[in-house]
Amino acid sequence: MAGDLDGWSVLVSGGGTGIGRACAARLAADGAAVTICGRTESRLRDAVETIVGGPPVQWIVADVTVEADVAAAVALAEEATGALRGVVANAGGGGALAPYHRQDLAEFRRVLELNVIGTMLTVKHSVPRLVASGGGSFVGMSSIAGSVTHPVFGAYPVGKAGIEHMMRNAADDYGAAGVRFNAVAP
């Protein structure tokens, strides 16, 4: 229902396009103060201009594989209301399609960094603020590839499976402090 998230500050990584942009729009429509981040300023600006029906959406250029960028994005999101209550760790992606014996190591690592390390850094920097706010919700964006084989997809299914397990572990670590962790697998 519209307004259910009034007073909530929520960060959406990868919020400039696709699923992240749609999540940001829905959260704003429900009353959340949304901050989106991503690597491309023009996409973030375009997204902010099209998201209407709720509080103004703010943006920050941030690469989730760069710890200082993640820390800055989380801090900006919290500033909107003074209490971070939600995170959608949507930034991620795939890489070169090839069987494992033809995978380029640098590309494999890049995909793991983006998906797994990017999500871990977002957990690392948001958890203290979510706990300080009295709890909240963290959603890690997985994929059907995280649980169903996808031949020649290289690091992508490995990364998405890692996100799913990270969410289970984080739920065990922080559930008692009122922070929920879930993975969504479109």
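Residues numbered from 1 in each chain as written. Predicted model: local features only at pLDDT ≥ 70, side-chain atom pairs only at ≥ 80, totals over all residues. Heavy atoms only, no water.

Asks: Run through the overall build of the protein chain, naming residues and quoting values.
Replies: Broken down by element type, the protein chain carries five helices and six strands. For the protein chain, the sequential pattern of α-helices and β-strands runs β-α-β-α-β-α-β-α-β-α-β. With the principal axes as the frame, the protein chain shows a C-alpha extent of 50 × 40 × 30 Å. Residues counted as buried form 47% of the 186 residues belonging to the protein chain. Across the protein chain, every contact between residues at least 6 apart in sequence was considered, and the portion connecting residues at least 24 apart equals 65%. (Helix = DSSP H or I, 4+ residues; strand = E, 2+ residues; numbered from the N terminus. Buried < 20%, exposed > 50% of the residue type's maximum accessible area, 1.4 Å probe, protein only. Contact = heavy atoms within 4.5 Å.)

Asks: Can you explain empty space enclosed by the protein? Please cite residues and give values.
Replies: This model, assessed by the stated rule, comprises one cavity of 30 Å³ or more. Here the largest cavity defines a volume of roughly 30 Å³. Along the walls of the largest cavity sit Leu-11, Ser-13, Cys-37, Val-64, Val-70, Ala-73, Val-74 and Thr-122, which together make up its complete lining. Breaking the lining of the largest cavity down by element, the ones donating at least two residues are β1 (9-13) and α3 (67-79). Here the element with the most residues in the lining of the largest cavity is α3; it accounts for three residues. Looking at side-chain class alone, the lining of the largest cavity contains six nonpolar, two polar and no charged residues. (1 Å grid on protein atoms, 1.4 Å probe; cavity = no way out; pocket = protein on both sides within 12 Å on 5 of 7 lines; lining within 4 Å. Points joined across faces, edges and corners; volume = space filled by probe spheres on them. Nonpolar A, V, L, I, M, F, W, Y, C, P; charged D, E, K, R; others polar.)

Asks: Residue-level account of unusual backbone geometry, with values.
Replies: If you check the backbone angles, Val-152 has positive phi at about 65° while not being a glycine. With respect to the helices and strands, the residue Val-152 is situated in the loop between β5 (136-141) and α5 (155-174).

Asks: Kindly report on the pairing of strand β3 (residues 58-61), identifying the contributing residues and their values.
Replies: Sheet topology note: the strand β2 (residues 33-38)/β3 ladder contains four bridges and is parallel. Bridging across to β3, Ile-36 finds its partner in Trp-59. In this fold, the crossover linking β2 to β3 by way of helix α2 (residues 41-50) has right-handed handedness. (Pairing = 2+ DSSP bridges. Right-handed = clockwise from strand over helix to strand, strands pointing away.)

Asks: Would you mind going over the environment of Tyr-174 in detail, with residue names and values included?
Replies: For Tyr-174, the location among the structural elements is in helix α5. Note: C-alpha distance between Tyr-174 and Ala-33 (141 residues apart in sequence) is 23 Å.

Asks: Residues and numbers for the sheet that holds β2, please.
Replies: A sheet is described by the order of its strands in space; here six strands give the open sequence β3-β2-β1-β4-β5-β6, paired in parallel fashion. The sheet terminates laterally at β3 and β6 (179-184), the two strands that pair on one side only. Neighbour-to-neighbour, the strand axes of the sheet open up by a mean angle of 15°, direction not taken into account. Here strand β4 (residues 84-89) runs beside β5; their pairing, made up of four bridges, is parallel. Bridge assignment links Val-87 to a residue of β5, and that residue is Phe-138. Each of β4, β5 and β6 is contacted by helix α4 (residues 105-132), which is oriented at about 170° to β4, the strand it contacts most. Strands in contact with α5 are β5 and β6; relative to β6, the strand with the most contacts, it is inclined by about 165°. (Axes fitted to C-alpha atoms, helices over the stretch in contact; angles between N-to-C directions.)

Asks: So, the packing of aromatic side chains: which residues are in play, and what are the values?
Replies: Two numbers describe a pair of aromatic rings. These are the distance of the centres and the angle of the planes. Using the criterion set out here, one finds four aromatic pairs in the structure. Ring centres of Tyr-174 and Phe-181 lie 5.9 Å apart, and the angle between their planes is 40°; this geometry places the pair in the tilted category. Judged by its relative accessible area of 7%, Phe-181 falls in the buried class. Joined through ring pairs, the aromatic side chains of Phe-138, Tyr-174 and Phe-181 make up one cluster. Over the ring of Trp-8 we find Arg-85; its NZ or CZ atom is 4.6 Å from the centre of that ring. (Phe/Tyr/Trp six-rings, centres within 6.5 Å; stacked < 30°, edge-to-face > 60°. Lys NZ or Arg CZ within 6 Å of the ring centre and 35° of its normal.)

Asks: Residues and numbers for the pairing of β6, please.
Replies: Alignment of β5 against β6, held across six bridges, turns out to be parallel. Following the sheet pairing, Val-139 is matched in β6 by Asn-182. For the handedness criterion, the β-α-β arrangement of β5, α5 and β6 is classed as right-handed.

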